[in-house]
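# A closer look at the structure
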Amino acid sequence: MAKLKFEKHNDFFQQVYQVVRLIPKGKVTSYGAIAKYLGSAKSSRMVGYAMNNSHKQIPPVPAHRVVNRNGILTGKHFFAEENEMERLLINEGLSIKDNAIQNFEAYFWDPGQYLELNQ
DNA sequence: AAGGTGACAGTTT
DNA sequence: TAAACTGCCACCT
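With that settled, the discussion passes to helix α1 (residues 12-22). Among all positions in α1, only V16, Y17, V19 and V20 are buried. Each buried residue of α1 lies within a common arc of 165° when the element is viewed along its axis, so the set occupies one face.

On to the packing of aromatic side chains. Within the structure shown, the criterion is met by three aromatic pairs. Ring plane angle 70° and centroid distance 6.2 Å describe the contact between F13 and Y49, whose orientation is recorded as edge-to-face. Pair noted here: F13 is in helix α1 and Y49 is in helix α3 (residues 44-53), with a separation of 36 residues, a long-range link. Here F13 falls in the partly exposed class, since its relative accessible area comes to 21%. Site record: aromatic cluster; members linked through ring pairs are F13, Y17 and Y49.

Another aspect to go through is the pattern of salt bridges. Throughout the structure, instances matching the rule amount to three salt bridges. We note a salt bridge from R65 to E92, for which the minimum N-O separation is 2.9 Å. Here R65, found in the loop between α3 and β2 (66-67), pairs with E92, found in the loop between α4 (84-91) and β3 (96-97); they are 27 residues apart in sequence, far enough to count as distant. The pair R65 / E92 is uniform in exposure class, with both members buried. Between R87 and E81 there is a salt bridge, with its nearest N and O atoms 3.2 Å apart. Classification of R87 as partly exposed rests on a relative accessible area of 43%.

A few words now on the side chain of R65. Accessibility expressed as a relative area gives 11% for R65, which makes it buried. Residues contacting R65, with those up to four places away along its chain left out, are I23, P24, K25, G26, K27, V28, T29, L89 and E92.

Cut-offs used in this document
- Residues numbered from 1 in each chain as written.
- Chains lettered and ligands numbered in written order.
- Predicted model: local features only at pLDDT ≥ 70, side-chain atom pairs only at ≥ 80, totals over all residues.
- Heavy atoms only, no water.
- Buried < 20%, exposed > 50% of the residue type's maximum accessible area, 1.4 Å probe, protein only.
- Helix = DSSP H or I, 4+ residues; strand = E, 2+ residues; numbered from the N terminus.
- Arc of directions from axis to C-beta.
- Phe/Tyr/Trp six-rings, centres within 6.5 Å; stacked < 30°, edge-to-face > 60°.
- Salt bridge = Lys/Arg side-chain N within 4 Å of Asp/Glu carboxyl O.
- Contact = heavy atoms within 4.5 Å.

Dropping the structure here:
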């Protein structure tokens with residue numbers, strides 16, 4: 001497929017937002033997993049950086065479903081209200097303790113796995 | 001235009 | 001074992 005002249009619209013950030021919006025309710029994923037899914041596994045930091053602007057995206061991006069690879073809620077400080085991230089996750093059925101998702105692996109959602117389901 | 005930044009992740013002390 | 005160091009790269013000023 002030929003490249004479109006307007007492909008510039010496909011920013012790295014936008015791709016990140018797309019993936020994050022695919023995360024099912026009650027599931028979480030990591031920055032690294034998203035970066036890998038987008039083809040640049042070494043750009044995990046950028047994924048986090050992208051989430052900084054996620055609050056002004058339309059439709060909203062469920063940024064609370066993205067944590068680091070240890071299941072730690074490293075980005076909770078960037079939410080409007082304190083503990084908002086934690087509250088949102090709990091509301092989706094997860095349990096949090098000391099900013100860490102309990103039984104993290106059980107709730108982990110790998111974007112790559114989603115790809116397999118659709119091929 | 002060039003250099004600084006960071007909601008990470010892997011490696012080394 | 002845990003803390004510190006470093007690579008990383010798209011975006012921002």
